Amino acid sequence: MNLNTVFFLLITLRLALAEPTNKKFPENFLFGTATASYQVEGGWNEDGKGENIWDYFTHTYPDRIANQANGDIACNSYHKYLEDIEMLKDLGVHFYRFSLSWSRILPEGHIEKINQVGVDYYKNLIKALKENGIEPYVTLYHWDLPQPLQEKGGWPNTDLMVDLFADYARLAFTLFGDQVKYWMTFNEAKQTCQLGYGYGVFAPGIQSNGIDSYKCAHTVIKSHAKAYHIYDEEFRKTQNGRVSMVIDSDWFEPASDSDKDIEAAERKIQFTFGWYANPIYHPDGNYPQVMIDRIAERSKKEGFEKSRLPEFTSDEIDYIKGTFDFLSLNTYTTSMVKWIDDYPIGNVGYDNDISVVAYQDPSWNSSASSWLKVVPWGTRKLINWVDKTYNHPEIVITENGFSDYGELDDEGRILYYQNYLSNILEAIKEDGINVTGYTAWSLMDNFEWLNGYTEKFGLYQVDFDDENRTRTPKKSADFYKKVVATKCLVNQCED
Ligand code: GBH
C-alpha cells in the first residue's frame with residue numbers, strides 16, 4: 001500500500017464513522033420540542049401575573065442582557081399559543097415540553113392568592129394540545145421564581161422554600177393533572193443555583209459561590225422529593241402520570257488516558273451532574289462521596305465550622321432517593337478535562353472545590369453560543385455514563401439543540417440534530433440503553449437569557465421586530481418533521 005492509499009483509507013474511514021446511522025428509531029420512541037415560560041410567553045404583567053426574578057432582574061439591570069433585551073413580550077405566546085400549536089402539529093411531534101410561570105398562577109408565590117386568568121391560560125393551552133393529539137410535558141420551575149419569594153431569601157432559604165414549592169406543585173397537580181401525565185419539577189437546577197446564587201450572573205444575581213449555591217441545591221432537591229411524594233400519595237392512583245427532575249450535563253472527556261485525567265473527568269461530572277442526580281437517581285442516594293469529602297476538607301481548612309455542603313440526615317436520604325419515574329437529561333456539548341493540583345486554599349467557591357481544568361477543543365465546530373461546540377460522540381458517552389452510574393434508568397432527552405443567528409437556511413442545525421440523534425440511536429441500538437424520548441430545544445427562537453435575542457435555537461424563526469412576532473419554519477423544521485414521521489435520519493433506512 002502506498003501512502004496515498006493509506007490516506008485515502010483513513011479519510012474514508014473518518015467519513016464512514018461520521019456518517020449518520022441508517023437504523024430506525026424504535027416504533028414507540030417519542031419526539032417533542034421544548035420552550036420555557038419566561039423565554040416565550042411575554043405578557044409579563046398582564047391579567048394579574050405577578051413579578052418574577054427575571055422580570056425584576058432584566059428591568060433593574062438591563063445592561064446585563066445583550067441589547068438590554070427582556071422577556072416582556074418575548075414570542076408573545078401568552079396571546080399566540082394557538083399558533084404555536086399549529087407549528088407543533090405541522091412538525092408532527094408527540095409531545096410539547098413547556099413550563100408553568102409560577103407567578104402567573106400565584107402572583108405572590110403562595111397559594112393563598114390564585115390568579116384564575118393565569119390558571120385558565122394553561123388550561124386552554126393544555127386543552128388545545130390534547131385536542132391536537134400532542135402530549136403536554138410540563139416543567140414546574142424553569143428559573144422564574146416569584147420575586148416576593150426572592151425577597152424572603154429565595155432558594156437558599158430551605159425552611160421557606162420546600163413547603164412553598166410543595167404547595168405550588170400540589171396545586172398544579174390538582175388543577176392540571178387530569179390532563180398532564182408527564183411532570184418535571186425543576187429544569188437544570190444547577191443553572192438556578194450556581195449561576196443565580198453562586199456566580200450571580202443569572203437572576204437573582206446573588207454572588208455566594210460555594211455557599212448559597214450549595215444551599216440552593218439542597219433546597220431544590222428536597223423540594224423535588226416532597227413534590228414527588230405528594231404526587232405519589234395524593235395523585236398517582238387517580239392521575240397515573242410520571243414525575244421526574246431535569247438535570248443537565250456536558251460530557252466530560254478525560255484529556256488523556258492517564259489515571260489522573262480520568263479521575264479529574266469523573267470528579268467533574270460528579271460535581272456537575274452527580275450533585276443533583278446522586279441523591280435522587282443513585283440507589284444509595286446522598287451527594288456524591290467525592291463532593292462530601294472534598295468540600296468538607298476545604299471548608300475546614302478555610303475556617304468554616306461545618307462543611308459548606310449541607311448534610312442530608314439518613315431519613316432525608318431515604319426520603320429523596322428513588323423519587324423519579326424516569327430520568328430526564330438535557331445535554332448540548334462536551335468539554336475535555338485535565339487533572340491539576342488542587343487550587344490553594346483562599347478563594348471559596350465551587351470551581352475551587354472541583355479543582356480541574358475544563359476546556360473545549362478549538363477544532364470542534366462552533367455555534368453562535370460560546371459554550372456550545374458540536375460534539376455528537378460526547379452525547380453517546382454521556383448516555384452510557386448515566387445508564388451505568390444510575391443503574392439503567394429509563395432516559396428521556398428533555399433538551400438538545402444548536403444556536404445560530406437565525407437564518408432560515410440552517411444547515412448547521414440540521415447537521416447537529418442529525419449527528420446527535422445518530423449517536424443517541426446508536427446508544428439505543430448498539431449499547432442497549434433505554435432512551436425513550438427526545439426533545440429538540442427549541443420550538444422557536446426565543447429569549448436566550450443573558451444573550452437576549454442574539455442567539456437563536458428555534459426550528460421556527462420568530463421576527464422580533466414585527467409586533468405580530470411572525471413565525472416562519474426553518475429548513476431544520478422540515479428535517480425534524482421528516483425524522484419524526486419516518487424515525488429515520490437519512491434518505492433510506494434499513495427495515
Ligand atoms: C438550557 O440551558 C436551558 O434549559 C434553556 O432555557 C436554554 O435556552 C437552552 O439550554 C440554551 O442555552 O455563559 O454564564 O451565560 C443549557 C445550559 C446554562 C448553557 C447556561 C449556557 C450559559 C452560562 N446553559 N450557560 S453564561
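Keep in mind that what you see is a predicted model, and the values were worked out from it rather than measured.

## Brief notes about helix α15 (residues 376-389)
Here α15 contains 14 residues, and its C-alpha end-to-end distance of 21 Å stays within 8% of the 20 Å for a straight helix at 1.5 Å per residue. Every buried residue belonging to α15 is among Pro 376, Gly 378, Thr 379, Leu 382, Ile 383, Trp 385, Val 386, Asp 387 and Thr 389, and all of these are buried.

## Looking at helix α10 (residues 212-239)
Of all the bends in α10, the greatest, near 50°, is centred on Glu 233. Immediately downstream of α10, the backbone of Asn 240 shows phi near 60°, a positive value.

## Focus on the pairing of strand β3 (residues 135-141)
Among the seven residues that make up β3, six are buried, leaving the element largely enclosed by the rest of the structure. Direction of pairing for β3 relative to strand β4 (residues 182-187): parallel, over a ladder of four bridges. Paired with Val 138 across the strands is Trp 183, a residue of β4.

## Remarks on the packing of aromatic side chains
Applying the stated criterion across every chain, the model contains 62 aromatic pairs. Ring plane angle 90° and centroid distance 6.0 Å describe the contact between Phe 31 and Tyr 480, whose orientation is recorded as edge-to-face. Highlighted residues: Phe 31 in strand β1 (residues 30-34) and Tyr 480 in helix α17 (residues 475-486), separated in sequence by 449 residues. Residue Tyr 480 is classed as buried on the basis of its relative accessible area, which comes to 0%. Among the aromatic side chains, those forming a connected cluster through ring pairs are Tyr 38, Trp 54, Phe 57, Tyr 61, Trp 143, Phe 202, Phe 447, Trp 449, Tyr 453 and Phe 464. The lysine or arginine in question, Arg 104, covers the ring of Tyr 78, its NZ or CZ lying 4.1 Å from the ring centre. Cation over ring: Arg 308 sits above Phe 304, and NZ or CZ is 5.7 Å from the ring centre.

## Points about the sheet that holds β3
Spatially, the eight strands close up into a barrel ordered β1-β2-β3-β4-β5-β7-β10-β11, and their pairing is parallel. Averaged over all neighbouring strand pairs, the angle between strand axes comes to 25°, with direction disregarded. Here strand β10 (residues 395-399) runs beside strand β11 (residues 435-441); their pairing, made up of three bridges, is parallel. Residue pairing in the sheet places Ile 397 in a bridge with Tyr 438 of β11. Its contacts with the sheet put α17 on β1 and β11, and the angle it makes with β1 is roughly 150°.

## Some details on the site of the ligand
The environment of the ligand is formed by 16 residues, the closest being Gln 39, His 142, Glu 188, Glu 448 and Trp 449. Interatomic distance of 2.8 Å between a side-chain N/O atom of Gln 39 and an oxygen atom of the ligand. Here an oxygen atom of the ligand sits 3.1 Å away from a polar atom, N or O, in the side chain of Tyr 332. Starting from 580 Å² of accessible surface for the ligand in isolation, the protein chains cover 81%.

## Describing the nonpolar core
Counting residues in hydrophobic clusters, the biggest one holds 145 residues, and the most contacted among them are Trp 54, Trp 155 and Phe 176. Dropping the residues within four chain positions of it, Trp 54 is found in contact with Tyr 38, Ile 65, Trp 143, Asp 144, Phe 202, Ala 203, Phe 447, Trp 449 and Leu 450. One finds Phe 95, Tyr 137, Tyr 182 and Phe 326 within the second-largest nonpolar core, a separate group that totals seven residues.

## Some points on the side chain of Gln 39
Looking at the element boundaries, Gln 39 is found in helix α2 (residues 37-40). On the basis of relative accessible area, Gln 39 is assigned to the buried category, the value being 1%. Within the structure, the side chain of Gln 39 is placed 3.4 Å from the side chain of Asn 446, a separation counted as a polar contact. Aside from chain neighbours lying at most four places away, what touches Gln 39 is Ala 74, Cys 75, His 142, Trp 441, Asn 446, Phe 447, Glu 448 and Trp 449.

## Looking at the sheet that holds strand β9 (residues 356-359)
In space, the three strands of this open sheet follow the order β6-β8-β9, with mixed pairing throughout. Among the strands making up the open sheet, the edge pair consists of β6 (251-254) and β9. Here the strands of the sheet are splayed against their neighbours by 35° on average, with no regard to which way each runs. Sheet strands in contact with helix α11 (residues 259-281) are β6, β8 (334-339) and β9, and its direction is about 125° off that of β8. Most of the contacts of α15 go to β6, to which it runs at about 95°, and overall it touches β6 and β8.

Each value, and the rule that gives it
Residues numbered from 1 in each chain as written. Predicted model: local features only at pLDDT ≥ 70, side-chain atom pairs only at ≥ 80, totals over all residues. Heavy atoms only, no water. Helix = DSSP H or I, 4+ residues; strand = E, 2+ residues; numbered from the N terminus. Expected span 1.5 Å × (residues − 1). Buried < 20%, exposed > 50% of the residue type's maximum accessible area, 1.4 Å probe, protein only. Bend = angle between axes of the 7 residues up to and from the residue. Pairing = 2+ DSSP bridges. Phe/Tyr/Trp six-rings, centres within 6.5 Å; stacked < 30°, edge-to-face > 60°. Lys NZ or Arg CZ within 6 Å of the ring centre and 35° of its normal. Axes fitted to C-alpha atoms, helices over the stretch in contact; angles between N-to-C directions. Contact = heavy atoms within 4.5 Å. Near = heavy atom within 4 Å. Polar contact = N/O pair within 3.5 Å; in protein donor to acceptor, adjacent residues only side chain to side chain. Areas by Shrake-Rupley, 256 points an atom, 1.4 Å probe, with all protein chains shown as cover. Core = buried A, V, L, I, M, F, W, Y, C linked by side-chain atoms within 4.5 Å.

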